[in-house]
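Report on the structure
Each chain, written out:
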Amino acid sequence: MTEFHISSATQPLRGVIRVPADKSISHRAAILSALANGDTRIDNFLPSETTRATVNCLRALGAEIEQTNATTLVVHGRGLRALREPGDVLFCAGSGTTMRLLAGVCAGQDFLSILDGTPALRRRPMARVAEPLRAMGAAILTRNGGLPPLTIRGGALRGIEYTLPVASAQVKSAILLAGLYADTPTTVHEPSPSRDHTERMLKACGADIELQIANCKTQINPISKLKSPISITIPSDFSSAAFFIVAALLVARSELRIESVGVNLTRTGLLDALARMGARIKIENARDESGEPASDVIVQAAELRATQVGGDEVPRMIDEFPIFAVAATQARGETVVRDAAELHVKESDRIGALTQELRKMGAQIEERGDGLVIAGPTPLRGAHVDAHNDHRLAMSLAVAGLVARGETVIDGWDCVADSFPNFEATLGQIR
Ligand code: S3P
């Protein structure tokens, strides 16, 4: 396990940076191009532990995937119905997205697949995908309590109408992917809108999919084949940009431009929350990157005030609560996060882990069953903290370290490679 040492920023953060490709879109691009007929070139694919797991699983299912440079893949699609039974367990590493989305694909296959992962992934709940996929006709075994590994004997599926108990793009995507193989239409209802990258990409591949965004309803009709999108360029990950957005807000006199960031509205709840807190963030150069909106994000340091986050905003910033909590420690007043019990079952128990680690740095933060209460502004002090094997917690603690007095040491830094392998180098460009 590696440690990361970070000391307070003594100068403003200034410059122009790019952050790595979107993790969610990278997984989907690999999966859908493997299921399509024809070749797809994927540029700016995220090279990370989690996306590598997806590529390796797809290869084990018979897709031919060439990596022509660090961030370019050429996928020779197998077609929806020509995957083959993997000779071994499909190892999803620590990636919930890999396991849940591939569970949907494997549910449609007339063969046996076993999906497993790291000890951390083995603690993540899978009943949420197993239940709807069983209702569609797949035979699925899990460990007691709905935990991985997942053993899936797929085959003839029937369409279902399913209401997700909590908004989840991973579960929605698993059901929609299985729905491609069903004999009748499949409809998914969500309590609030979650990220819609799967739906956008399925459309681009010619799937018969109807979205009723206002009603949080998506219907997919069975189809015999998907067409290759030919080429996909993946925008930078808003969730990775978020660390630098908050760093620039908190370090006095900073000004940063982050180029070509994915700004899909189902992902940018953090911008709305920060705007209420008094942040000055500009969005420029709006463009389309393979069906996804992308823009440059320009941030200047600002004094922040507390806000409240809950309801539909939660899924729109579900991965940003660790870095949001760091921002809240520096905001005037009491910031309250509610309706976010999902944070207990992310890469770590983010409610418990954030409370434990930010307290070591002097933050006034309290756990609630479905969220957090954070009082500020609190001067943070450098401390020895732990990443809890959670990349987003690790990088959030690094940003806290930039505004803390003295040195912060983060244990278990290696997990940053799950989404942002060059975080240190990117930070080095602007310090
Ligand atoms: C993801 C969806 C979210 C998010 C995760 C990636 C995806 O999870 O937290 O990091 O790629 O679909 P849920 O679907 O469980 O909310």
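Because the structure is a prediction, the values reported are computed rather than measured.

Right, let's talk about the packing of aromatic side chains for a bit. Enumeration over the complete set of coordinates arrives at 7 aromatic pairs. Look at Phe-243 and Phe-423: their rings are 6.4 Å apart centre to centre, the planes differ by 85°, and that puts the pair in the edge-to-face class. Of this pair, Phe-243 sits in helix H7 (residues 238-250) while Phe-423 sits in helix H13 (residues 423-430), placing them 180 residues apart in sequence. Each ring, one from Phe-244 and one from Phe-423, has its centre 5.3 Å from the other, and the planes form 40°; the classification is tilted. Here Phe-423 lies in helix H13 and Phe-244 lies in helix H7, a separation of 179 residues in the sequence. Given the relative accessible area of 1%, Phe-244 is considered buried. Members of the aromatic cluster, connected to one another through ring pairs, are Phe-4, Phe-243, Phe-244, Trp-413, Phe-420 and Phe-423.

What follows deals with the packing of helix H1 (residues 23-35) against helix H3 (residues 96-107). One can describe the packing of H1 onto H3 by two numbers: an axis separation of 11 Å at closest approach and a directional angle of 25°. Between H1 and H3, the angle is such that the two are roughly parallel. Considering only the axes of H1 and H3, their crossing is right-handed. Here H1 contributes Lys-23, His-27, Arg-28, Ile-31 and Leu-35 to the contact with H3, which in turn contributes Thr-97, Thr-98, Leu-101, Leu-102 and Val-105. Class assignment of the residues belonging to the contact of H1 with H3 gives a composition of 5 nonpolar, 3 polar and 2 charged.

Below, the discussion takes up the sheet that holds strand S6 (residues 72-76). Strand order across the open sheet formed by 4 strands is S5-S6-S4-S16, with mixed pairing between neighbours. Both outer strands of the open sheet, strand S5 (64-69) and strand S16 (231-233), are each paired with one neighbouring strand and no more. Pairs of neighbouring strands in the sheet enclose a mean axial angle of 15°, with direction left out of account. The pairing of S5 with S6 spans 5 bridges and is antiparallel. Bridge assignment links Ile-65 to a residue of S6, and that residue is Val-75. In the packing of H1 onto the sheet, the strands contacted are strand S4 (39-43), S6 and S16, and the crossing angle to S4 comes to about 170°.

Take the pairing of strand S19 (residues 292-300) next. S19 sits mainly inside the fold: 7 of its 9 residues count as buried. Of the strand pairs in this sheet, strand S18 (residues 280-289) and S19 are connected by 8 bridges, and their pairing is antiparallel. Considered in S19, the bridge of Glu-289 is made with Glu-292. What sits between the antiparallel neighbours S18 and S19 is a turn of 2 residues, in which Ser-290 has the positive phi angle 50°.

On to helix H8 (residues 269-276). Structurally, the α-helix is built with 3.6 residues per turn, so residues lying three or four positions apart point the same way. Listed as buried for H8 are Gly-269, Leu-270, Leu-271, Ala-273 and Leu-274. Summarising the contacts, the buried residues of H8 are in contact with H7, S18, strand S21 (308-309), helix H9 (313-316) and helix H10 (321-329). Phi turns positive, to about 105°, at Gly-278, one or two residues after H8.

So, about the sheet that holds strand S26 (residues 407-411). Pairing is mixed in the open sheet, where 3 strands are placed in the order S1-S26-S25. At either end of the open sheet lies a strand with only one pairing partner, and these are strand S1 (3-7) and strand S25 (384-386). Between one strand axis and the next, the sheet turns by 25° as a mean value, whatever way the strands run. Note that S1 and S26 share 5 bridges and pair antiparallel. Looking at S26, one finds that His-5 is bridged to Val-409. In the packing of helix H12 (residues 391-403) onto the sheet, the strands contacted are S1, S25 and S26, and the crossing angle to S1 comes to about 25°.

Moving on, we get to the domain arrangement of the chain. Examined at the domain level, the chain breaks down into domain 1 (3-21 + 235-430) and domain 2 (23-233). Distance from the C-alpha centre of domain 1 to the C-alpha centre of domain 2: 28 Å. Of the residues lining the interface, 29 residues belong to domain 1; the matching set on domain 2 comes to 28 residues. Together domain 1 and domain 2 conceal approximately 2,200 Å² of surface at their shared face, both sides included; 49% is due to carbon and sulfur atoms.

Rules used throughout
- Residues numbered from 1 in each chain as written.
- Predicted model: local features only at pLDDT ≥ 70, side-chain atom pairs only at ≥ 80, totals over all residues.
- Heavy atoms only, no water.
- Phe/Tyr/Trp six-rings, centres within 6.5 Å; stacked < 30°, edge-to-face > 60°.
- Helix = DSSP H or I, 4+ residues; strand = E, 2+ residues; numbered from the N terminus.
- Buried < 20%, exposed > 50% of the residue type's maximum accessible area, 1.4 Å probe, protein only.
- Axes fitted to C-alpha atoms, helices over the stretch in contact; angles between N-to-C directions.
- Parallel < 35°, antiparallel > 145°, perpendicular 65-115°, else oblique.
- Left-handed = near helix turned anticlockwise from the far one by under 90°.
- Contact = heavy atoms within 4.5 Å.
- Nonpolar A, V, L, I, M, F, W, Y, C, P; charged D, E, K, R; others polar.
- Pairing = 2+ DSSP bridges.
- Domains from an automatic or database assignment.
- Buried area = accessible area lost by both parts, 1.4 Å probe.

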